[in-house]
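# Coordinate inspection notes
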Amino acid sequence: MADTLHKVIEETRQGEAYSPFANDPNQYSKKFYIESYGCQMNFSDSEIVASILQEEGFGATRNFEEASLVLLNTCSIREKAEQTVRHRLQAFRKVKEQKPGMLVGVLGCMAERLKAKFLEEEKLVDIVVGPDAYRSLPGLISEAETGQKSVNVLLSREETYADIAPVRLDSNGVTAFVSIMRGCNNMCTFCVVPFTRGRERSRDAESIVNECRDLFERGYREVTLLGQNVDSYYYNPAEDETQAVTFGRLLEKVAIISPLLRIRFSTSHPKDITDDVLHTMARYENICKYIHLPVQSGSTRILQMMNRTYTREWYLAKVQRIREIMPDCGISTDVISGFCTETEEEHQDTLSMMELCRYDMAYMFSYSERPGTLAARRYQDDVPEEVKKRRLEEIINLQNSHSRESYKNDIGKTFKVLIEGDSKRSELKWCGRNSQNKMTVFPKGDRQLTKGDYVNVTITDATAATLIGEIVN
Ligand code: SAH
Ligand code: SF4
Ligand code: F3S
């Protein structure tokens, strides 16, 4: 039986999924299995969920067959993300048929979007929990154990899980995510996040710094500060301007923990990233020179329809400012093809924007209408699917050539790289990132190094996504 179940599950397994694992699951009487989909916030939330469950005597397992509780932390950002989860649920239905006591819970954005409807649509689901309701999981599990279906999708204006120490899942022991805020107030018209994650709120600055310091003391060497719009971080409980912690100030507080702790952050909204943040980045060597700056479109008219609140020119000026202050800064982006009413000319504007910005990397999508969003209510999704796909292909092809060029341009340069572990292909090689977030692979040689160490690497070759080099002194 085990083999067939494995097969069913593996066949529907998607690249995005992962199954976290606690150090010694045998010390717990009950076991849970969790898969996370979507953005880094979801992966980070799964670590909060693991902490809450651990308090209840649940240990994480990589093997869903020994779990009495199976959780899917879901994403609603595009229709395809939801389809992936539904396929996964179908696979678990087969497992549950043979293991009736097993509980299946749906967490995250899809739980929030569909609420109790989930229970009608997917009969095998026992528990539905939204992103602000994870503290109620123990109660919901008890309820479900008595055979009832249980749901909590209340959103909160305050919840930041600031006091919960995440249990690091599937960690390399070197890099970790730290959530600094939740929700989003921006209302980009295409986006479901404001509805699934609720209002924006910033987490207590001291709890963030303490979590980062604790990670450093446990051997971690890189933290990524997470939020949908990190530049609007603002923590000011005393309502005293002089004590307010802005994102720039927070970056500095984390940077001074130790010069050996690297700091990254994601995501920046072009309208909110300030000179203060850029100067703070430039001032501290350990704040990585890399900014993910989603552009979405190169056309001012489309940007306005998306409610991004900047123009093409404003965005370009921002990129120029980043390059003025930090000439070596890596920049990546997100692009959407075929948003409502986008013309061929406006699509060309996106391509020319990419030519001007020369991104090192990009995430590229075709527009997927999401129920309930402002765009779904206001506009017609009128660009034919094949046009969206063709435009997306042009965007991807152009970006591939830019990525290749960007990586090739690094040949001959020397970078400080933080070793994250063995390279995927060979135990004889290390892999790690440079400050600009480029993955770098190089032979271990005979130097006594370990993951978490910094080394200087001179680049000798490159693909469109990896730098290849040699350690130098
Ligand atoms: N908070 C981040 C983005 C979060 S979602 C920001 O503001 O930049 C990640 C990316 O998914 C977005 O940048 C966008 O490019 C893409 N995306 C969001 N909604 C989408 C939709 N309905 N269709 C296609 N792509 C979408
Ligand atoms: Fe969505 Fe816009 Fe908020 Fe990003 S900033 S999460 S795209 S609404
Ligand atoms: Fe997806 Fe929710 Fe993140 S919709 S992208 S998991 S905030």
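A brief structural summary. (Residues numbered from 1 in each chain as written. Chains lettered and ligands numbered in written order. Predicted model: local features only at pLDDT ≥ 70, side-chain atom pairs only at ≥ 80, totals over all residues. Heavy atoms only, no water.)

Okay, the site of ligand 2 next. Around ligand 2, the neighbouring residues are Cys184, Asn186, Met187, Cys188, Phe190, Cys191, Val193, Pro194, Gln228, His269 and Arg308. Considered class by class, the residues forming the shell around ligand 2 number seven nonpolar, three polar and one charged. (Near = heavy atom within 4 Å. Nonpolar A, V, L, I, M, F, W, Y, C, P; charged D, E, K, R; others polar.)

As a further point, take helix H6 (residues 137-145). All of the buried residues in H6 are Leu137, Pro138, Leu140, Ile141 and Ala144. The buried residues of H6 occupy one face: seen down the axis, they fall within an arc of 165 degrees. In this fold, the buried residues of H6 make contact with helix H2 (40-55), strand E2 (58-60), strand E3 (69-74), strand E4 (103-108), strand E5 (127-129) and strand E6 (150-152). Immediately beyond the C-terminal end of H6, within one or two residues, lies glycine 147, with a positive phi of roughly 100 degrees. (Buried < 20%, exposed > 50% of the residue type's maximum accessible area, 1.4 Å probe, protein only. Helix = DSSP H or I, 4+ residues; strand = E, 2+ residues; numbered from the N terminus. Arc of directions from axis to C-beta. Contact = heavy atoms within 4.5 Å.)

Let's shift gears to the pattern of salt bridges. Tallied over the entire structure, the rule returns 44 salt bridges. Arginine 86 is the partner of glutamate 122 in a salt bridge, and the nearest nitrogen-oxygen pair spans 2.8 Å. Residue glutamate 122 is located in the loop between helix H5 (117-121) and E5, and its partner arginine 86 is located in helix H3 (residues 79-98); the two are separated by 36 residues in the primary sequence. Looking at arginine 86, the relative accessible area reads 22%, which means it is partly exposed. Among the salt bridges present, the one from arginine 390 reaches glutamate 394, with a minimum N-O distance of 3.2 Å. In this pair, arginine 390 and glutamate 394 are both assigned in helix H15 (residues 385-408), four residues apart and thus about one turn of the helix distant. A single network of salt bridges, built from pairs that share partners, joins Asp45, Asp132, Arg182, Arg197 and Arg201. (Salt bridge = Lys/Arg side-chain N within 4 Å of Asp/Glu carboxyl O.)

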